[in-house]
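# Chain and residue survey
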Amino acid sequence: MPLFWLRVALSLYAVGLVYALASFWGGRHVLTRITLPAVGLGMTFHFVALLENAMLSGVWAPASLHELESMMAFLLMVFFFVIYARYGATSPGIAVFPLVFLLTVSAASGNSPSESAMPLLVSQQWIYVHVGLILVGYAGLIFSFIASILYLIQERNLKSKNSTGIWTRLPALAVIDDIGYKCLLWGFPFMTLGLISGAIVAEARVGPHYFLDAKILISIVMWVLYMVLLYTRWSAGWRGRRAAYLATFAFATAILAWAANSLSHTHRFIAP
Amino acid sequence: MKFQIIGVNHNSAPLGVRERLAVPEAQLPDAVQHLVKQPGVEEGMVLSTCNRVEVITSCNEAPADLRGYLRSYFGVSPDTIAPHLYEYQEREAVRHVFRVASSLDSMVVGEPQILGQVKEAYSVARSLGAINSALEALLSRAFAVAKKVRNETAIGSSSVSIASVAVQLAEKIFGSLEGKTVYLIGAGKMAELAARHLISHGAGKMIISNRTRERAENLAQAFGAQTAPFESLHETAAQADIILTSTGAAEPLFRREHGERLLKGRRNRPVFFIDIAVPRNVHPEVNKLDNLFVYDVDDLQSVASSNSAERKKEAERAESIIEVEVERFTQRIKSLHMVPTILSLQEYCETIRQAEIDRIRGRLGTITPEQESAIEAMTRGIINKLLHTPITTLKSSAGEPEAATIQEMVRKLFNLNNGKPKS
């Protein structure tokens, strides 16, 4: 049944995907009215799927890669709606909706949870805390990256004195900048605490050697980049191109850290 | 009943002529009262704005002498105004009112003020009892059409003057102008106008710098702004979010190195340069630096022109909407002409029905309430079925050339012109 709700959510997220694709031929405003209610409803079904999944399995943190993807997609949608409520900006959807769709496609292709899918390592309260915090940190980083790309596009629009075209409906530069900064600011403590909680679990289970694990090393590099991003923004007010390059680098590292499960001995799910 | 309009606008008459016909707000009720006293005028209103003076009326069958009204009320000789006047009747008058309310007849097509001005003129005339059924229908429809045009086209969504383009761009950079600082360097008229526009859109603080200190101080007084010495403008510029330049300097005041210093001083916060000077006060290289945006007079003009072209395209769409609405409205008005005949016909038949029921009731003896209502229903049904085709024909012929003949024929056939039917 959780898979059923997830697939319902997926079909509603498909409207968001169409919206994002339509942006490239200028039909975005036509879809705005139906997209937000559709993806909002999708998010509700997604929540039902997550809740039911947790109740059936008795595990309140993602226990497989598919569940992790599902949770990540849900958190991205939550971030999207928080930003929409605060700034009235729908433009981040252009990048977020396809990402959410892809994550949900992957998540919905998995199996329903069962007792046998229970991971060996995911058994402690600390793990729940670790996974929850890390995912919120990831969502902050992703949105900050999207905002920096939108900032570059809007900056180029203004510099080229182009008053027509598909990108002229983007929010004001200051609004995009604020979205990016706030996402960094909110995401960073979550990421930091997430890594600390992960370190505590790893220390208890593997001992001091956990530090040499590939995934953990990449995660630390990502955290350092995250901090540098925040610091350069805070101390020198880095915006635009330089900030976007740094955000891209941090985002690429985050993807690498996400994908590094197969290289890790200490950080693994049993389910596929 | 006929719609009749006479007036002058920015296209037909120079300002000198429009001024002579302009009605101050306080005098508007008097002008309307005089208008409805004119022979033939049944309803009327006067619309007076800086770009137009128009008299909108609904008259009885004979056209009213509205030129005579203009002559007598405004005391202007016919020769002075005659070449500048336009007049519209019926369908053309309806189209004109729809176009005016939708801002298609405005000097700046799509500007939003005109709808408010039409509504104001309408409410003055209405409060004086000078607007009844016909103008009420026309104006209500005009407001609905204006709303439709605004909702279904993007006619009013882009700025077309240099000052409003400057505000539009500033809002694209800063979102809200609330609390933003404007730095006015030089004292060109256009820069001053743009600064006024920025302030009226929420910009919080203004700094003025000019080679002639006295001129800067006079301007600062007018704006309630601060002044800064011209010699130290690069140091003080870091306080500004928007820099408006319009000096007569032969060499640029801001070069790349000044831009770099400015960014450092502002910790990379964006700056919007509006350079209205010729030759330019800001070197184009400055625009290549991150977070500095330079628009010279040609750039602003080109944005305004592209917005104008966009508006023109939207105006064409708006004209099609108006054409459909004019057709719909005139059909409705024409069908209203048939209403008295239809009502007389229904009344005629109802009188016969009642008389026949009364005549037969004595012969039926005592009947139950159920039987009574059955008789009512049956006789009404017969009347309705008999009248269905004549009424439909009357309504559908409303817009046709033979409408008057059909109407007259129905009146003759049923003797509607001579009172009650014989029972």
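Residues numbered from 1 in each chain as written. Chains lettered and ligands numbered in written order. Predicted model: local features only at pLDDT ≥ 70, side-chain atom pairs only at ≥ 80, totals over all residues.

### Section: the overall build of chain A
- What chain A contains, in helices and strands, is eight helices and zero strands.
- The N-to-C order of helical and strand elements in chain A reads α-α-α-α-α-α-α-α.
- Considering chain A as a whole, with its 272 residues, one finds that 47% of them fall into the buried category.
- Put simply, 82% of the contacts in chain A that link residues at least 6 apart link residues at least 24 apart. (Helix = DSSP H or I, 4+ residues; strand = E, 2+ residues; numbered from the N terminus. Buried ≥ 20, exposed ≤ 12 C-beta atoms within 10 Å, placed from the backbone. Contact = placed C-beta atoms within 7 Å.)

### Looking at the overall build of chain B
- Scanning chain B for helices and strands turns up 16 helices and ten strands.
- Residue burial in chain B is summarised as follows: out of 423 residues, 37% are buried.
- Counted over contacts in chain B with a minimum sequence separation of 6, partners at least 24 positions apart contribute 70%.

### Considering the pairing of strand β1 (residues 2-9) of chain B
All names here are of chain B.
- When you tally the buried positions in β1, you get seven out of eight residues, the bulk of the element.
- With eight bridges connecting them, β1 and strand β3 (residues 52-59) associate as antiparallel partners. Each bridged residue has a counterpart across the sheet, and for Ile5 the counterpart in β3 is Ile56.
- Sheet topology note: the β1/strand β4 (residues 86-89) ladder contains four bridges and is antiparallel. In the strand pairing of β4, Ile5 is matched with Tyr88. (Pairing = 2+ DSSP bridges.)

### Quick notes on the sheet that holds strand β8 (residues 242-245) of chain B
- Strand order in the open sheet made by the six strands is β7-β6-β5-β8-β9-β10 (chain B), with parallel pairing throughout. What marks the edges here is a single partner per strand, and that holds for β7 (226-227) and β10 (292-296) of chain B.

### Notes on helix α8 (residues 162-174) of chain B
All names here are of chain B.
- With 13 residues, α8 extends 18 Å from end C-alpha to end C-alpha; this agrees with the ideal 18 Å at 1.5 Å per step.
- Burial of α8 is extensive: ten of the 13 residues sit out of reach of the surface.
- Every buried residue belonging to α8 is among Ile162, Ala163, Val165, Ala166, Val167, Leu169, Ala170, Lys172, Ile173 and Phe174, and all of these are buried.
- Downstream of α8 by one or two residues, Gly175 has phi in the positive range, about 75°. (Expected span 1.5 Å × (residues − 1).)

### With respect to the packing of helix α6 (residues 173-206) of chain A against helix α7 (residues 214-236) of chain A
All names here are of chain A.
- Remark: α6 packs on α7, axes separated minimally by 10 Å, with the N-to-C direction vectors making an angle of 150°. Compared by their axis directions, α6 and α7 come out roughly antiparallel. Crossing handedness for the pair α6 and α7: left-handed. Between α6, through Tyr181, Leu184, Phe188, Met191, Thr192, Leu195 and Ala202, and α7, the contact on the second element is made entirely by Ile216, Ser219, Trp223, Tyr226, Leu229, Leu230 and Arg233.
- Here the contact of α6 with α7 is composed, by residue class, of eleven nonpolar, two polar and one charged. (Axes fitted to C-alpha atoms, helices over the stretch in contact; angles between N-to-C directions. Parallel < 35°, antiparallel > 145°, perpendicular 65-115°, else oblique. Left-handed = near helix turned anticlockwise from the far one by under 90°. Nonpolar A, V, L, I, M, F, W, Y, C, P; charged D, E, K, R; others polar.)

### Overview of the pairing of strand β9 (residues 271-275) of chain B
All names here are of chain B.
- Here β9 lies mainly inside the structure; five of its five residues are buried.
- Neither face of β9 is open: one carries Val271, Phe273 and Asp275, the other Phe272 and Ile274, and all of them are buried.
- Relative to β9, β8 runs parallel, the two being bridged by four bridges. Bridge pairing in β9 links Ile242 to Phe272.
- Each parallel crossover has a hand, and the one from β8 via helix α12 (residues 256-265) to β9 is right-handed.
- Two elements, β9 and β10, share five bridges in a ladder whose sense is parallel. (Right-handed = clockwise from strand over helix to strand, strands pointing away.)

### Side note on the interface of chain A and chain B
- Every contact between the two is made by 15 residues of chain A and, on the other side, 19 residues of chain B.
- Mapped by element, the contributors of at least two residues to the side of chain A that touches chain B are α5 (125-159), α6 and α8 (240-259) of chain A.
- For the side of chain A that touches chain B, the element with the highest residue contribution is α6 of chain A, accounting for three residues.
- Of the residues that constitute the side of chain A that touches chain B, the class distribution is seven nonpolar, four polar and four charged.

### Points about the packing of α8 of chain B against helix α13 (residues 297-337) of chain B
All names here are of chain B.
- With their axes 9 Å apart at the nearest point, α8 and α13 run at an angle of 95° to one another. Taken together, the axes of α8 and α13 lie roughly perpendicular to each other. From α8, Ile162, Val165 and Ala166 reach across to α13, where they touch Leu300, Gln301, Val303 and Ala304.
- Here the contact of α8 with α13 is built from residues that sort into six nonpolar, one polar and no charged.

### Thoughts on the nonpolar core
- Judged by nonpolar contacts, the single largest core of 130 residues is most densely connected at Leu76 of chain A together with Ala166, Ile242, Leu244 and Phe273 of chain B.
- Counting residues per element, this core draws most heavily on α5 of chain A, which supplies 18 residues.
- In this view, Phe273 of chain B contacts Ile243, Thr245, Phe254, Val282, Val286, Leu292, Phe293, Val294 and Tyr295 of chain B; residues no more than four positions away in its chain are not counted.
- In this structure, Leu35, Val41, Leu138 and Ile333 of chain B belong to the second largest nonpolar core, which totals 51 residues. (Core = buried A, V, L, I, M, F, W, Y, C linked by C-beta atoms within 7 Å.)

### Looking at unusual backbone geometry
Residue and element names in this part refer to chain B.
- Cis geometry marks the peptide bond from Val278 to Pro279, where omega comes out at 0°.
- Mapped onto the fold, Pro279 is located in the loop between β9 and β10.
- A positive phi angle, near 50°, is found at Glu90, a position not held by glycine.
- Along the chain, Glu90 turns up in helix α5 (residues 90-101).
- Positioned with a positive phi, Asn415 is a non-glycine residue whose angle comes to about 55°.
- Note that Asn415 resides in the segment after α16 (403-413).
- Under the C-beta neighbour-count criterion, Asn415 is labelled partly exposed, with 13 such atoms within 10 Å.

### So, the sheet that holds strand β2 (residues 41-48) of chain B
Residue and element names in this part refer to chain B.
- The sheet built from four strands is open, its strands ordered β2-β3-β1-β4 with antiparallel pairing. Strands at the two margins of the open sheet, each flanked by one partner only, are β2 and β4. In this sheet, neighbouring strand axes are inclined to one another by 15° on average, regardless of whether the strands run parallel or antiparallel.
- Each of β1 and β3 is contacted by helix α3 (residues 66-74), which is oriented at about 45° to β1, the strand it contacts most.
- Against the sheet, α5 makes contact with β1, β3 and β4, and its axis sits at roughly 50° relative to β1, the strand it touches most.

### Overview of α13 of chain B
- For α13 of chain B, with 41 residues, the first-to-last C-alpha span of 57 Å sits near the 60 Å given by 1.5 Å per residue.
- What α13 of chain B keeps buried is the set Leu300, Val303, Ala304, Asn307, Arg311, Glu314, Ala318, Ile322, Glu325, Val326, Phe329 and Ile333 of chain B.

### Considerations on the environment of Leu133 of chain A
All names here are of chain A.
- Its place among the elements puts Leu133 in helix α5.
- In this structure the C-alpha to C-alpha distance between Leu133 and Phe188, which are 55 residues apart in sequence, comes to 9.8 Å.
- Discounting chain neighbours no more than four positions away, the residues touching Leu133 are Phe190, Leu193, Gly194 and Ser197.

### Quick notes on the environment of Asn210 of chain B
Residue and element names in this part refer to chain B.
- With respect to the helices and strands, the residue Asn210 is situated in the loop between β6 (205-209) and α10 (213-223).
- Look at Asn210 and you get buried, because 23 C-beta atoms sit within 10 Å.
- Along the chain, Asn210 and Ala187 lie 23 residues apart, while their C-alpha atoms are 6.8 Å from each other.
- Once residues lying within four places of it in the same chain are set aside, the contact partners of Asn210 are Gly186, Ala187, Arg215, Ala216 and Phe230.

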